[in-house]
Amino acid sequence: MENRVKKIYPLYLACPSLILYGVFFILPLLAGVALSFTNWDITKAGIAFTGFENFKYLFTDDDFLISIRNTLIITFAVVILRNAFGLLLAFGLNARLKTRNLLRTFFYLPAILSYVVVGLMFTSLFQMRGMVNQFIGIFGAAGDIEWIGHPVRALWTVIILDVWKWTGFFMMIYIAGLQAIPHEYYEAARIDGAGRLKQIFHITIPMLMPAININVTLSLIGGLRVFEQVMILTGGGPGKSTMVLNFLIFKVFGTGMYGRATAMNLVLSAFVFLLASAVSSFFKKREVEL
Amino acid sequence: MTASIIFLNVACGAKTASSTETATAKTEQTTAETEKAEEPKKEPVTLTLICGQPDYPQGFDTVLEKIQQDELITIDKQIIDNAYDVVRVKLATNEVPDLFLANVPQTVTLFNADINCEPLDNEPWVSRLVNPELLKYAKDGHIYAMPLTQSSSFFGACYYNKKVMSDLGLGEPEPKTFAEFMELLEKIKNTGNGVVPIFMSDKDSWTTQIFTTLGMGVALKDKPEVWEQILTNKVKTADVPEFVDILSKFQQIYLKGYVNKDHMSATFDNAKEAVGTGKAAMILQGEWVVGDVVKSYNADLGSFIIPFTDKPVMGTGAYVKGIWLPKKSSKLAEAKKFINCLSEPKYMDEYYKQYPDFPAFKDVNGGSVHPAVKNLVDKYIATGNYAAEFNSHFDAVNSILGNDFWPSLSMLIMGKATPKSTLEYFDKALQKAAKDKGLEGF
């Protein structure tokens, strides 16, 4: 009897959270999946089941394909750049510097700023008469480069904004990972004659795998779900050159075609789930146990 | 003796008259008190109003405060981005606001107003409207919103800085043909000492499309049957030579360098600043820009229309801002009372004292409208020399304008698309949207 009570007791305590989770997460998720197979349009009466029509439409729609392409470009770029800069900063700020705590704070600060603030800042910086062009002009180059209004450079401005905002956050996770590596491994490697580079590739990187796993997975998810940066900085333009999946979903919701927008959301969610699972699994296999 | 009698009579008469007057005054006072007592007691009520950020009229708070004091009606303003989308969701989920602000009759199909909103044809203010025909929904003839501040709106023209033109020796220009317009821009470019001939703010795509929506509307003024053919899929816009011509003219303005270099990242606020401070000679806009520029920059503005087809025809909107009443509001009666009050001269006059305009009601004093706007109304609206803008013909599928057509204009002005390919893109978007909406012919 006592054993039975002990087994059921944790379940009782978890019930309220499970109920809330079920009502506010699982149910809407299942409803969303069901609605993605309908022609739900708030400008029309009635909802009818339409099978895979929404999905067939998506993969023949130019806007959807363009947004997938732009989303993948942004994702690829931010995964590499966030992690590369984050790791470099972590190496630098893990050293014994007097100002390292201050510097860590400075680099982390952008992560806590609102996207609206950052977006307005970048809009001002990257205007034709903005500080970026003025800085470039100092070195004699043409100082009238169009950033946000150029189809290719607009996408890179979005990427720069994203990397600037989040590198500090990833730096902190890498610093935590570096600090968890026992010094004895480095001492033993030095004694065995291993140079700095060999230590990095044979000790640091393998031992840092859990942190790399977290960071790469988080930046992959963040990249695929990019929205605020585009919303504030470019609005999907010029033309459709920075149109991303989440922003397209937002636009389609705005037209009242909820069935189609929900189908797009389902495709995006599936993308995120599959890619994040694959990447996480890849890095998990390479984690080294202490 | 006689004098005494007369004196006594006069005194008594005076006393009588005085008594009578007092009695009369007392009777009147009693009547007034009775009337006041009989007047229905005003209960305080709060009504929600949803409105988009750019749509909320400046200076409107003064009017609302007055109504609150007099009628005890408080308006809970919810001024938000994407107001139209929020209202549509609320109408679909029956969580309706009591009032919302939107263009009328342009957005009737957007809000399914014939199902969701109260027809207001029988309200007392309708008989006082300057332009009731403008407000009627073409399909059923009902009026679904009370016009807020204007009898008609969107007088599309080039609003120029008079001082800049005067300093360049150009006086008050009024080109009669499109070629003359281009010559004017060329002159400003060559002799302006860095003054931008025409400032474009293409980061805000709604400003980019002003040229095309005006021009394409004017281009078909004498061929109204073409609109019906386009809207029933008998003709594609890419096959309308007038449209190709307008887009070509639009592209030329950019390719010839008549616009600011940073046009792709410039905003509407930048445009107002540029023309207000004299960095630009003119901007192509609607009349709403005049008040802002004059107030903020103390600039003197003039205006002229672009002669898109070498004729004196102005492109204009077929809508005004209006207040709509969802049928399912729990305070429909109070909402009607509010708009009836609002329409009265004692409140509307208060608004126009601050922002002169063309009032929607005959007995309202609109104040002295800026000459740059009055000039256009007198020359083109009053004489019938105007045409409805291109956008007004696509109300049923208007999402394709902001989502597809306006962004595609960016490619055109950067020289990465041709006029024909831009229109073909629009046709494709129109096909998709019209099929989704189940429009006849698609």
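Predicted model, so just to flag it, every value in this text is computed and none were measured. (Residues numbered from 1 in each chain as written. Chains lettered and ligands numbered in written order. Predicted model: local features only at pLDDT ≥ 70, side-chain atom pairs only at ≥ 80, totals over all residues. Heavy atoms only, no water.)

Turning to the overall build of chain B, a few remarks are in order. Assigned secondary structure in chain B consists of 18 helices and eleven strands. If one aligns the C-alpha atoms of chain B with their principal axes, the spans along those axes are about 110 × 55 × 35 Å. For chain B, with 442 residues in total, the buried portion stands at 51%. Long-range pairs, those at least 24 residues apart, make up 77% of the contacts in chain B between residues at least 6 apart in sequence. A total accessible area of about 19,700 Å² is found for chain B, and carbon and sulfur atoms account for 53% of it. Counting 46 positive and 58 negative side-chain charges, chain B places the centres of these two groups 2 Å from one another. (Helix = DSSP H or I, 4+ residues; strand = E, 2+ residues; numbered from the N terminus. Buried < 20%, exposed > 50% of the residue type's maximum accessible area, 1.4 Å probe, protein only. Contact = heavy atoms within 4.5 Å. Areas by Shrake-Rupley, 256 points an atom, 1.4 Å probe, with all protein chains shown as cover. Lys, Arg positive; Asp, Glu negative; His and termini not counted. Charge placed at Lys NZ, Arg CZ, Asp CG, Glu CD.)

Turning to the interface of chain B and chain A, a few remarks are in order. At the interface, 28 residues of chain B touch 30 residues of chain A. Of the roughly 2,400 Å² buried at the junction of chain B and chain A (both faces included), carbon and sulfur atoms supply 46%. Counting the contacts that link chain B with chain A gives seven salt bridges. The partner of Asp41 of chain A in a salt bridge is Lys437 of chain B, and the shortest N-O contact between them spans 3.7 Å. For the pair chain B and chain A, the number of links is twelve residue pairs in polar contact (both at pLDDT 80 or more). (Buried area = accessible area lost by both parts, 1.4 Å probe. Salt bridge = Lys/Arg side-chain N within 4 Å of Asp/Glu carboxyl O. Polar contact = N/O pair within 3.5 Å; in protein donor to acceptor, adjacent residues only side chain to side chain.)

Moving on: the pairing of strand β2 (residues 73-80) of chain B. All names here are of chain B. Pairing geometry for strand β1 (residues 45-52) and β2, over eight bridges, is parallel. The residue of β2 that forms the bridge with Val45 is Ile73. On the question of chirality, the crossover connecting β1 to the parallel β2 by way of helix α2 (residues 60-71) is right-handed. (Pairing = 2+ DSSP bridges. Right-handed = clockwise from strand over helix to strand, strands pointing away.)

Residue and element names in this part refer to chain B. For the structure on display, the rule yields 47 aromatic pairs over all chains. A centroid spacing of 6.4 Å and a plane angle of 50 degrees characterise the contact between Trp206 and Trp288, whose relative ring orientation is tilted. Note that Trp206 is positioned in helix α8 (residues 205-208) and Trp288 in helix α13 (residues 288-297), a separation of 82 residues in sequence. When its relative accessible area of 34% is taken as the criterion, Trp288 is described as partly exposed. Where Phe250 meets Tyr254, the ring centres are 5.3 Å apart and the plane angle is 90 degrees; that geometry is what we call edge-to-face. Taken together, the positions of Phe250 and Tyr254, both in helix α11 (residues 241-255) and four residues apart, correspond to about one turn of that helix. For Phe250, a relative accessible area of 1% gives the class buried. For Tyr254, a relative accessible area of 8% corresponds to the buried category. (Phe/Tyr/Trp six-rings, centres within 6.5 Å; stacked < 30°, edge-to-face > 60°.)

All names here are of chain B. By volume, the second largest pocket is sized at about 1,000 Å³. Surrounding the second largest pocket, 33 residues form its lining, Thr109, Tyr137, Lys139, Asp395 and Ala396 being those nearest its centre. For the lining of the second largest pocket, the elements supplying multiple residues, two or more each, are α5 (132-135) and α10 (225-231). For the lining of the second largest pocket, the per-class residue count stands at 13 nonpolar, ten polar and ten charged. (1 Å grid on protein atoms, 1.4 Å probe; cavity = no way out; pocket = protein on both sides within 12 Å on 5 of 7 lines; lining within 4 Å. Points joined across faces, edges and corners; volume = space filled by probe spheres on them. Nonpolar A, V, L, I, M, F, W, Y, C, P; charged D, E, K, R; others polar.)

Let us look at the side chain of Thr208 of chain B. Relative to the assigned elements, Thr208 of chain B resides in helix α8. Within polar-contact distance, the side chain of Thr208 of chain B engages the side chain of Asp202 of chain B at 2.8 Å.

So, about helix α5 (residues 115-125) of chain A. All names here are of chain A. Buried residues of α5: Tyr115, Val118, Gly119, Phe122 and Thr123, and no others. What you see down the axis of α5 is that its buried residues fit within an arc of 135 degrees, all on one side. Against α7 (151-179) and α11 (228-233) lie the buried residues of α5. With a side-chain oxygen positioned 3.0 Å from the backbone nitrogen of Val116, the residue opening α5 is Ser114. (Arc of directions from axis to C-beta.)

All names here are of chain B. Confidence in the prediction of chain B, expressed as mean pLDDT, is 88, and 91% of residues score 70 or more. Across residues 1-26, confidence stays below pLDDT 50; counting only partners more than four residues off in sequence or on other chains, it has one contact. Among the scores for the predicted complex, ipTM is 0.80 and pTM is 0.83. (pLDDT = per-residue confidence, 0-100.)

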